[in-house]
Structures are given as structure tokens and as C-alpha cells.
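The lines below spell out each chain.
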Amino acid sequence: MSKKRIPFLNAAPVTEPAYIPTDEDFVFKENNDISIDKNFASQGYWKGVLVRFFKKKRPTLGLIIVLVIIILALFGPLISGYGNTEIISANVDGRQVTASSISPRVPWIHKLFTGEEYDDPFADHTFIFGTDTVGRDLFTRTCNGARISLLIAFVTIIIDMIIGMSYGLISGYFGGVADATMQRFVEIIYSVPRLVIVSVLATFMPKGVWLVIVALLLTEWIGMSKISRAEMMRMKDQECILASRTLGAKNGRIIFRDVLPNTIGPIITQVMFSIPTAIFTEAFLSFVGVGIVLPQCSVGSLIEDGFNNITTIPYQIIPPIIILALLMLGFNFIGDGLREALSPSIEDM
Amino acid sequence: MAKYILKRLGLAILTIFIITLVLFILVRIMPGNPFPSERMSAEQIAAKRLEMGLDDPIVVQFINYIKNIFVNGSFGKGSSLYNGVPIKSVLPACISNSFRIGGMAILFGTIVGLILGICAALNKNHFLDVFCTVISIIGVCVPSYVFMIYLQYFFSYKITIFPFYFDKNQFLLSAVLPAISLSLFSIATIARFTRNEMVEVMDSDYVLLAQAKGMHGAPLITKHILRNALIPIVTVLAPLIVDLLTGALVVEKIYGINGIGKLMVDAIAGEGIDYNYVLALGIIYSALYTAVMLVVDVVYGLLDPRIRVTAKRG
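Residues numbered from 1 in each chain as written. Chains lettered and ligands numbered in written order. Predicted model: local features only at pLDDT ≥ 70, side-chain atom pairs only at ≥ 80, totals over all residues. Heavy atoms only, no water.

Counting secondary structure elements, chain B contains 13 helices and zero strands. Secondary structure elements of chain B, listed N to C terminal, follow the sequence α-α-α-α-α-α-α-α-α-α-α-α-α. Across the 314 residues that make up chain B, the buried fraction comes to 45%. The contacts of chain B with a sequence gap of at least 6 include a subset with a gap of at least 24, amounting to 73%. Accessible surface for chain B amounts to roughly 15900 Å². Of this, 67% is attributable to carbon and sulfur atoms. (Helix = DSSP H or I, 4+ residues; strand = E, 2+ residues; numbered from the N terminus. Buried < 20%, exposed > 50% of the residue type's maximum accessible area, 1.4 Å probe, protein only. Contact = heavy atoms within 4.5 Å. Areas by Shrake-Rupley, 256 points an atom, 1.4 Å probe, with all protein chains shown as cover.)

The next subject is the interface of chain B and chain A. Counting residues at the interface gives 39 residues for chain B, matched by 36 residues for chain A. Buried surface at the junction of chain B and chain A, both sides included, amounts to about 3400 Å², of which 80% is carbon and sulfur. The largest contributions to the chain B side of the interface with chain A come from Cys141(B), Tyr145(B) and Ile268(B), which together make up 16% of the buried area. Our enumeration of links across chain B and chain A arrives at zero salt bridges. Remark: the boundary between chain B and chain A carries zero residue pairs in polar contact (both at pLDDT 80 or more). Mapped onto the side of chain B that touches chain A, the elements with two or more residues apiece are helix 1 (2-29), helix 5 (127-141), helix 6 (144-158), helix 10 (233-255), helix 11 (260-269) and helix 12 (275-303) of chain B. Class assignment of the residues belonging to the side of chain B that touches chain A gives a composition of 29 nonpolar, eight polar and two charged. (Buried area = accessible area lost by both parts, 1.4 Å probe. Salt bridge = Lys/Arg side-chain N within 4 Å of Asp/Glu carboxyl O. Polar contact = N/O pair within 3.5 Å; in protein donor to acceptor, adjacent residues only side chain to side chain. Nonpolar A, V, L, I, M, F, W, Y, C, P; charged D, E, K, R; others polar.)

Below, the discussion takes up the pairing of strand 2 (residues 95-98) of chain A. Two faces belong to every sheet, and in a regular strand the side chains alternate between them. Residues and elements named next belong to chain A. Pairing of strand 1 (residues 89-92) with strand 2, which is carried by four bridges, proceeds in the antiparallel orientation. Counterpart to Ser89 in the pairing with strand 2 is Thr98. Hairpin geometry of strand 1 and strand 2 is characterised by an intervening segment of two residues between the two adjacent antiparallel strands and by a positive phi of about 50° at Asp93. (Pairing = 2+ DSSP bridges.)

Any two side chains of opposite charge can pair, given that their charged atoms come close. All names here are of chain A. Under the defined criterion, the tally for this structure stands at six salt bridges over all chains. Here Lys56 makes a salt bridge to Glu340, at a shortest N to O gap of 2.7 Å. With Lys56 in the loop between helix 1 (45-55) and helix 2 (57-80) and Glu340 in helix 11 (residues 318-342), this residue pair connects regions lying 284 residues apart in the sequence. Measuring nitrogen to oxygen at the nearest pair gives 3.0 Å for the salt bridge that ties Asp336 to Arg339. Highlighted residues: Asp336 and Arg339, both in helix 11, separated by three residues, approximately one helical turn. Classification of Asp336 by relative accessible area gives partly exposed; the value is 23%. When its relative accessible area of 45% is taken as the criterion, Arg339 is described as partly exposed.

The next thing to look at is the packing of aromatic side chains. Residues and elements named next belong to chain A. Taken as a whole and assessed by the stated rule, the structure comprises nine aromatic pairs over all chains. Both rings, one in Tyr167 and one in Trp221, keep their centres 5.0 Å apart while their planes meet at 65°; by these two values the pair is edge-to-face. One end of the pair, Tyr167, is in helix 4 (residues 138-174); the other, Trp221, is in helix 7 (residues 209-235), with 54 residues separating them in the sequence. With respect to burial, Tyr167 and Trp221 carry one shared label: buried. (Phe/Tyr/Trp six-rings, centres within 6.5 Å; stacked < 30°, edge-to-face > 60°.)

On to the side chain of Ser274(A), then. Of note, Ser274(A) is situated in helix 9 (residues 251-288). At a separation of 3.5 Å, a polar atom in the side chain of Ser274(A) contacts the side chain of Glu220(A).

A separate point is the domain arrangement of chain B. Residues and elements named next belong to chain B. Segmentation of chain B into domains returns domain 1 (1-77 + 272-314) and domain 2 (96-258). Across the boundary between the two partners, domain 1 contributes eleven residues, which contact twelve residues of domain 2. Of the roughly 980 Å² buried where domain 1 meets domain 2, counting both sides, 87% is carbon and sulfur surface. The interface formed by domain 1 and domain 2 holds zero salt bridges in total. Where domain 1 meets domain 2, there are zero residue pairs in polar contact (both at pLDDT 80 or more). Of the residues forming the side of domain 1 that touches domain 2, the biggest block, nine residues, is contributed by helix 12. Among the residues forming the side of domain 1 that touches domain 2, the class breakdown is nine nonpolar, no polar and two charged. (Domains from an automatic or database assignment.)

All names here are of chain B. A surface patch of nonpolar side chains, amounting to about 430 Å² of accessible area, comprises Ile25, Ile29, Ile58, Val59 and Ile63. Broken down by secondary-structure element, the contributors of at least two residues to the nonpolar patch are helix 1 and helix 3 (58-72). Turning to its location among the elements, Ile25 is positioned in helix 1. We classify Ile25 as partly exposed; its relative accessible area is 34%. (Patch = residues over 30% accessible without salt bridge, like charges linked within 9 Å, V, L, I, M, F, W, Y side chains within 5 Å.)

Turning our attention to helix 1 of chain B. End to end, helix 1 of chain B covers 40 Å across 28 residues, agreeing with the expected 40 Å (1.5 Å per residue, within 8%). Buried residues of helix 1 of chain B: Ala12(B), Thr15(B), Ile19(B), Thr20(B), Leu23(B), Phe24(B) and Val27(B), and no others. On its buried face, helix 1 of chain B is in contact with helix 5 (176-190) and helix 6 (194-204) of chain A together with helix 3 and helix 12 of chain B. (Expected span 1.5 Å × (residues − 1).)

Residue and element names in this part refer to chain A. Where helix 2 contacts helix 4, the axes come no closer than 8 Å and their chain directions differ by 145°. The handedness of the crossing between helix 2 and helix 4 is left-handed. Here helix 2 contributes Ile69, Ile70, Leu72, Ala73, Leu74, Gly76, Pro77 and Ser80 to the contact with helix 4, which in turn contributes Phe139, Thr140, Cys143, Asn144, Ala146, Arg147 and Leu150. Classifying every residue of the contact of helix 2 with helix 4 by side-chain character gives ten nonpolar, four polar and one charged. (Axes fitted to C-alpha atoms, helices over the stretch in contact; angles between N-to-C directions. Left-handed = near helix turned anticlockwise from the far one by under 90°.)

Structure representation (C-alpha cells):
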């Protein structure tokens, strides 16, 4: 490149030959030479959300915790090799001995530290969390319990999301009398404590998984409907909706194709906060005795089982409690992280 | 303001009425027999149905039920289906037990939570702040009954400081453990909320102005920051109070407290479902819930003039 000198008025005239452009100055840049601004690059909305989500420690930690528990819940029983309801027993001199109330044991670690082997019929068995009073492996049961708790939470919350979102969007979109009626209905349901709903359900439904699921279905959608209604109120007067209507879009299209994708962020956050509530409620119901029925198990029923034997085997209650606490922690962290990532404040940018 | 309160009161009463109606109809029309048919003969069941008025039209039944609540405070001809104990005779003691323990828990929780939250906000990003965060995470993640189990295990079983089960003759001593375990969730919520509110207020312009005018220390915190930061806490307190009544369920079951929670658990998880108890307790719970919400809304309106203005407009 040439360097042009600016002649100063009061300086002595400098004689320099005029610059004669050469052919090289008129060559097109190769693609390789064109650089893109990587420091201030524009990025898609969801990519930005991902970046902001993983930039913070807590949400990442929460995600890792939840993933580890999901993997354990799916593959834990395969590792241990016992069945969920299998009562482990051994044949000693023609007698059946069940492995009841055995403390946590891993034979090779025991051998490593003491140099000896266990001197009972289950010397070669591995029980990471021990066994319960009946003789079932607690590790397998904890994994299965976590699986059932997670399954109930996910299924119900997703159905709740669909119900709540549709309800809130429709209520917000039509406004007027429809909105007022629908909101009164929500208020009335909202002012019935969940416990009352569960107990009335318990009068005619058999105890078990379905009772928990229906109870959750009846209560959890309200939060979602409130959020999506608020989003709809915010969205519906914007120009894009007006444009869509001008182009002849029907109500259904505006509600579900135009507005819904824009409300998905807050809804996902709400889902992340609802899942721990669902797990908590399930644990509570199972603890009280109207949830999961034996021999199936969930986190809550395992805690109840541990509580019943706390004076004899105090460690039995610990694994399900830790799983429950970690699940709550993980989902709360993810929820917090998502909320911040979806609606970034200026400080985070 | 009076008009606003009256309107809210009317709505609350209407809500309770509708809930009562729906619960009543649900319990009455549900399939299934309220009596254990394998233990009672057909004649016995018929006699019992006649005694409880189950053969009347449902409208008549409902009117009688409502009349009974107001005339003599009994919930229908309600008595336990299993041991014949009338609801009216057990209810006052249960409600007073639950309320005293729940009240202690909410008092303790609010005070400790506020202190923790304020300390954390004043020492932002310091040791105390981290401590407060850890406490609130634990409090939110671990259910209250787990705390109850462990407190009971250590302080009543390993070291016998407190009675192992609830004993109404030593009320104060035996209320300590359940009150502490119930309050942990409220401590966590209130501490976190107070901290966030205070940090937000401390960053606001009017606090900067007050500081620029030369205010600092205690007067700044109590007169300027806390006044504004504490108002929204009333909204968190409302669900907490209600939750303490319902959350006390399991704690009451574990510690053997004769409260409405234990009554409810026994009614739904006992040897069979006790329809009369479920209906009566359901109505009581909903009424409590609505009443607490109403009080909170009104108190909030009194505390914060901005709410009053919008309420008038709307």
C-alpha cells in the first residue's frame, strides 16, 4: 500500500513523485483474505442462550448433576445386576438365607483395607448402599426409585405444559368475557390446596402412581397458564400479529404458530421449576402412603421405608434423601440459569 | 380502601362456597361405597345411610350440611366412619396444636430468615453471603420431614434432650423440634428473598441520593432500605404460612402431634378413606387458605400505597 504524505503549509515543499497505481492494486480479494469479525459476531438467539447458560458455573453443575442421576436411573440396575424387587438369598446347608439388613459392602475394597473376606453367605456380593430389611439391594431400588420419580415428573409436567399453555394463550388472546370467566375458574382451582385435591381424589381412586399423576395434572398447569397468558397479553398488540392478521391468518394460526414460539422461553423456565415441585409432591404423597405401592418404589417410598427402620438401620434412609436433594438442587440451578440466559440483562452481555 | 376490602371479602366467601359445593358433590357422587361392605350387613348399611341422611336428594343434603356448619359447628352428622368419633369433638384441639406449632415455626423462620438475608445483603459476596446461599439451598432442597427425622434421631434418640414424641403436657419443650424443622424452608425462602430485594434497593438511585446527602449506617438501612425492601416479603410469607399448615402433615405424622395434618393423613391413608373427615378437613383447609390470602392482600394494600391506587382504578 502506498503512503501519502500530507504536505504541511508552513513546511518546506517536499518533492515526491506522484503515485502511479499498479495492476496489483486492482485485484479482487481472495475469500481467504476476507476476515469475519469473530469478537463481535452476531449469533442466533438460541446459540446465545446456550453460551450464556454454560458460561456460569451453577447451571452447568445443575445440568451435570441431573444428567448423572438420569444415567444412574437408566443404567444403575444393569451395573448392580440385581432385580428391583428381587429378594437376594443364598443357600446355606440346604437352608434359604435372605440378605436382609446388610450394611454397604464392596468385597474388593474390604479386602484391600483389611486383607480379609466377609465371613457370611454373601461374601462375594456387592451392595453399594446395603440391603433393606426384606433383602433387596438398595442401590438397585434407589436407581429404580429415581427413575419412577423422574418419569412421573417429566410426563405430568409436559402434559401440564401443553394444557396450561393452550389455556393461557386462548384466555389471553380472546380477552373480554372469555378471559374473565377462564380466570375466575383458575382462581377457584388455585385456592384449593393441593392436599385437598389429593385427598378428594383418594376417596375414589386406588392408591398408586395414577393418583399422584392425576393430582399433579390438576394443579401444576395453573402456573404455566398464568405465564403464557401474560406473554400473550404482551404480544398480541404488536405489529407482527397485526401483520399476520392483515394477511388473513386465522385465530388458531396466530395463537399457535405466531405467538406460541415466542412464549417458549419463560415456559421452559417454569417447567424446570415445576419438575422439582412434582418430584417433591410425589415423594411427599408416597411418604404419606397414598403414592407408590410396594413392591414398586419411588424416592418418597424409599425415604418412608428408611424412616420406618431408622433406629435399626440408620444409613438406609440416606441414599434416597441425597438423590432427592440433588434432583431438587440440579433442577433449581438449571431453572435459575435458564431464566438468566433467556432474558439477559445488560450486565451479562 | 373499604370498598376494595369488601369486594375481596365477597369474592373470598364466594370462592369458599363454590369449593364447598364442588367438594360436597364430588364426595357424594363418587362411585364406591363409603361403608366397608364386607364387614357390615345390608341392613346395617341401610340404617347407617338413613342415619347420615344419604338417601335424601343431594340438594337437601347440601343445604342441611351448610346449615349444620353454621348452627352447631358440626360438619354434617359427621363422625369417623371407623371409630365413630365426631369431627366436632376433635377439631378444636387439633387446630390449636397445629396453629401453635405452625405459628412458632413461621415466627422463628421469619426472624432468622430476615436476619440472615439482611446480613448477607450487607456483606455482599462475602463469607456471610455464601453461608446464607448455602443455607437457603439446603433449606429449599431438603424436605422438612427429613430434618424432622434427623432432629428426632439425634436429639431425642441419641441424646435425649427433647421428648421422642409430642407430649401436650410439655408443650414448649416438645414443640421445639417440629417448629425448627418446619421453619427451615421459610428461613431459606425468606433469607434469599430478603437478600435479593435488599441488594436491588441498595443499588437504586434514591439510596445513592441519601448517601450523597450524608446518610449512612443504621438510619440509612432501617429508614430507607428496609422499608422498601420488606414490603414484597409479605407476598412470600402468604404461601409459606399456608404451606406450613399443609407441610406440617408429615412432620405431625412423624412426631405424633395431634394436629389437623395428622387428622388428614389418617383420613386418607388409614385403614380406609374416611369420607366425612376428608370433606370437613378439605373445607377447613380451603377456607384457611382463602382467608390467609385475603388477609395478605389487604395487608399488602395497606403497606404499599401503590397497590391501593391500581386497585381503585381497576
